[in-house]
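Okay, here's what each chain looks like letter by letter:
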Amino acid sequence: MSRIIKEEKRLVVPENVTIPFIEGDGVGKEITSVCLAVVDAAVNAAYKGKRQIKWKEVLAGEKAFKYTGKWLPNETMQAFKEYIVGLKGPLTTPVGGGIRSLNVALRQELDLYVCLRPVRWFKGVESPLKNPQDVDMYIFRENTEDIYAGIEWEQGSDEAKKFLTFLVNEMRVTKVRFPDTSGFGVKPVSIEGTERLVRAAIRYAIKHKLPSVTLVHKGNIMKFTEGGFKKWGYEMADREFAGETFSMNRYNALVKEQGKAVADAAKEEAVKQGKVIVNDVIADAFLQNTLLHPKDYSVVATLNLNGDYISDQLAAMVGGIGIAPGANINYDTGHAIFEATHGTAPDIAGQNKANPSSIILSAVMMLEYLGWKEAGELITSAMECCFSQGLATDDLARLMPDGKSLSTSSFRDVLIQQINCESKK
């Protein structure tokens with residue numbers, strides 16, 4: 001048996017496991033093949049042949065369209081459902097009608113409601129910050145709601161006109177500034193969607209002994225969507241994790257009931273006990289604070305659009321999206337796709353110069369998710385060693401004081417060599 005099984009609270013992973021993967025478009029062919037070779041080397045070095053990944057290619061994007069006439073064949077979706085865990089290179093967005101985004105389609109169909117983006121700095125990588133080592137965060141971005149639900153109508157369309165008529169006549173809306181030339185979109189945010197995201201973030205913080213979970217929102221303006229996210233997140237934390245967390249919602253209630261001194265003492269005691277502090281911050285303030293006081297944040301839970309902005313800004317703070325890993329996960333069913341977080345970079349495709357670090361680090365997340373952390377740690381240690389010596393692809397090396405620019409394939413070879421060295425320590 002080579003398939004992963006999801007039991008009630010855990011994944012059962014066979015020693016020889018089949019993992020489906022999408023090669024990806026543009027630079028996908030180069031970086032994905034490098035990633036598979038690096039992961040195979042790490043698994044072999046860590047487990048001496050006792051564990052193995054059997055890679056199963058499935059099609060999506062331009063390659064799928066070329067061979068099947070479909071951008072996302074049903075067989076590909078079925079493979080991810082059946083094998084539970086998968087890996088994915090960058091995909092282009094089809095031009096014209098139909099699928100808005102292949103990435104979004106995969107997330108929606110498999111209900112991968114968490115986009116998890118860890119952000120940390122590697123020694124040797126240039127950063128615009130004075131102290132990039134202070135950046136160490138885990139972004140839990142809601143993946144299925146908000147404006148990414150794709151509920152919108154084009155300006156001038158019959159649907160837009162019907163929607164405007166409904167707003168004006170039924171809902172008595174008077175604040176559409178230019179009604180005849182407006183497109184419209186709907187932003188759904190639910191209690192269930194909020195709770196399962198924040199629940200996953202809190203569980204992650206507890207499991208990894210991280211100090212805080214911060215709800216990032218724009219509830220001061222969007223009171224019933226973003227504001228609802230904040231309210232429902234706090235309520236769920238207080239209801240389900242009362243013994244393991246201390247929320248600022250509870251803190252504020254104590255201030256009103258017993259005064260600030262009592263609330264401060266309760267928070268201080270919670271910190272001493274190792275409880276996770278659940279707090280919140282307005283999105284624009286958060287973006288500023290991460291530059292000024294990045295140590296204040298650990299696990300972050302936020303809605304879809306905010307998470308898109310936040311994860312890319314944080315990646316830039318530690319060296320760029322080229323070394324930013326990502327995963328899309330449903331913690332209830334176990335389904336997860338680990339992916340390169342950058343685009344297809346068609347301008348450098350086929351030139352053996354693309355940086356494979358994002359998909360490699362995403363594969364490290366995959367190994368940790370499987371419970372094969374030893375192999376993941378070998379890759380991370382090897383990458384740290386390479387970067388500290390200035391060994392990197394050109395996008396990173398040219399910014400390093402003593403950087404040595406490597407081709408994609410040369411970086412693969414150096415990384416595998418370092419993995420083998422690390423395994424002997």
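Data block above holds the structure.
What counts as what
- All residue numbers refer to positions counted from 1 along the written sequence of the respective chain.
- Under the rules for a predicted model, residues below a pLDDT of 70 receive no local features and side-chain atom pairs below 80 are neither given nor counted, while totals for whole chains, interfaces and linings still include all residues.
- Remark: hydrogens and water are excluded; side-chain values derive from all non-hydrogen atoms of the structure.
- Only DSSP runs of H or I covering at least 4 residues are called helices, and only runs of E covering at least 2 are called strands; the numbering of each starts at the N terminus.
- Taken over C-alpha atoms, the radius of gyration is set against a globule rule of 2.2 Å times the number of residues to the power 0.38.
- Here Asp and Glu are counted as negative and Lys and Arg as positive; His is not counted, and neither are the chain ends.
- Positions of charges follow a simple convention, taking NZ of Lys, CZ of Arg, CG of Asp or CD of Glu.
- Here the aromatic set is Phe, Tyr and Trp, taking the six-membered ring for Trp, and pairing holds for ring centres within 6.5 Å; pairs whose planes are under 30 degrees apart are stacked, those over 60 apart are edge-to-face, and all others are tilted.
- Categorising residues by exposure relies on relative accessible area from a 1.4 Å probe, with only protein chains included: less than 20% of the type maximum marks a residue as buried, more than 50% marks it as exposed, and the intermediate range marks it as partly exposed.
- Should a side-chain nitrogen of Lys or Arg be within 4 Å of a carboxyl oxygen of Asp or Glu, the pair is scored as a salt bridge.
- Nonpolar side chains (Val, Leu, Ile, Met, Phe, Trp, Tyr) within 5 Å and like charges within 9 Å form the patches, drawn only from residues with over 30% relative accessible area and no salt bridge.
- For the area figures, the Shrake-Rupley method with a 1.4 Å probe applies, and any residue is considered shielded solely by the protein chains shown.
- The pairing criterion for strands is at least two bridges between them, as found by DSSP.
- Axis definition: a line fitted to C-alpha atoms, limited for helices to the stretch in contact. Angles are taken between N-to-C directions and run from 0 to 180 degrees.
- We call two residues in contact whenever any of their non-hydrogen atoms come within 4.5 Å of each other.
- For our purposes a nonpolar core is just a set of buried Ala, Val, Leu, Ile, Met, Phe, Trp, Tyr and Cys residues, chained together by side-chain atoms within 4.5 Å.

Visitor: For this particular structure, what's the right way to read the overall build of the protein?
Guide: The number of helices and strands found in the protein is 15 helices and 17 strands. Taken over the C-alpha trace, the protein has a radius of gyration of 23 Å; the compact-globule value for 425 residues is 22 Å, and the two agree within 12%. Each of the three principal axes of the protein carries a C-alpha extent, and together these read 65 × 60 × 50 Å. When the 52 positive and 53 negative side-chain charges of the protein are each reduced to one mean point, those points stand 2 Å apart.

Visitor: Is there a simple way to explain the packing of aromatic side chains in this structure?
Guide: Any aromatic ring pair is given by two values, namely how distant the centres are and how the planes are angled relative to each other. Counted by the stated rule, this structure contains 11 aromatic pairs. On the basis of an interplanar angle of 10° and a centroid distance of 6.1 Å, the ring pair of Phe387 and Phe411 is categorised as stacked. With Phe387 in helix H13 (residues 373-388) and Phe411 in helix H15 (residues 408-423), this residue pair connects regions lying 24 residues apart in the sequence. Judged by relative accessible area, which is 1%, Phe387 ranks as buried.

Visitor: Sorry if this is basic, but what is going on with the pattern of salt bridges here?
Guide: Oppositely charged side chains can form a pair if their charged atoms are brought close together. Considering all chains together, one arrives at 27 salt bridges under this definition. Note that Glu339 and Lys88 form a salt bridge whose closest N and O atoms lie 3.0 Å from each other. One end of the pair, Glu339, is in strand S15 (residues 336-340); the other, Lys88, is in strand S5 (residues 85-88), with 251 residues separating them in the sequence. For Lys88, a relative accessible area of 2% corresponds to the buried category. Across the pair Glu195 and Arg199 runs a salt bridge, and its minimum N-O distance is 3.8 Å. Of this pair, Glu195 and Arg199 both sit in helix H6 (residues 191-207), four residues apart, which is roughly one turn of the helix. With respect to burial, Glu195 and Arg199 carry one shared label: buried. Each of Glu195, Arg199, Arg239 and Glu240 takes part in one network of salt bridges that share partners.

Visitor: How do you make sense of a nonpolar patch on the surface when you look at a structure like this?
Guide: A surface patch of nonpolar side chains, amounting to about 260 Å² of accessible area, comprises Phe166, Met171 and Val173. When you line up the elements, Val173 lands in the loop between helix H5 (158-170) and strand S9 (184-185).

Visitor: Before we go on, may I ask you to explain the sheet that holds strand S12 (residues 276-282) in this structure?
Guide: Each strand in a sheet pairs with its neighbour through backbone hydrogen bonds, running either in the same direction (parallel) or in the opposite one (antiparallel). Read from one edge to the other, the open sheet built from 11 strands follows the order S4-S3-S5-S15-S14-S6-S7-S13-S10-S12-S11, with strand pairing classed as mixed. Either end of the sheet is taken by a strand with one partner, and the two such strands are strand S4 (52-57) and strand S11 (245-247). Each neighbouring strand pair of the sheet contributes to a mean axis angle of 25°, computed without reference to strand direction. Examined bridge by bridge, strand S3 (residues 16-22) and S5 share two bridges and lie parallel to one another. In the strand pairing of S5, Ile22 is matched with Lys88. Sitting on the sheet, helix H11 (residues 304-317) is in contact with strand S6 (114-120), strand S7 (136-142), strand S10 (212-217) and strand S13 (299-302), with an inclination near 155° to S7. Here helix H12 (residues 357-370) sits on the sheet and contacts S3, S4, S5, S6, strand S14 (325-329) and S15; the angle it forms with S15, its principal contact strand, is near 160°.

Visitor: Even after reading the chapter, I still don't get the nonpolar core, so can you show me in this structure?
Guide: In terms of nonpolar packing, the biggest core is built from 93 residues, with Ile53, Phe140 and Phe387 touching the most fellow members. The element that contributes the greatest number of residues to this core is helix H1 (residues 28-47), accounting for 11 residues. Judged by nonpolar contacts, the second largest core, of 15 residues, contains Val119, Leu129, Val281 and Phe286.

Visitor: Hey, could you run me through unusual backbone geometry in this one?
Guide: The phi torsion of most residues other than glycine is negative, and most of the peptide bonds are trans. Phi at Asp111 takes a positive value of approximately 55°, unusual for a residue other than glycine. Mapped onto the elements of the fold, Asp111 is located in the loop between helix H4 (102-110) and S6. On the basis of relative accessibility, which here comes to 27%, the residue Asp111 falls in the partly exposed class. Backbone geometry at Ala345 places phi at a positive 45°, although glycine is not the residue there. Take Ala345: it is sitting in the loop between S15 and H12.

Visitor: Which parts of the structure should I look at to understand the side chain of Thr18?
Guide: For Thr18, the location among the structural elements is in strand S3. Those residues in contact with Thr18, other than ones at most four positions away along the chain, are Ser2, Lys54, Lys56 and Tyr83.

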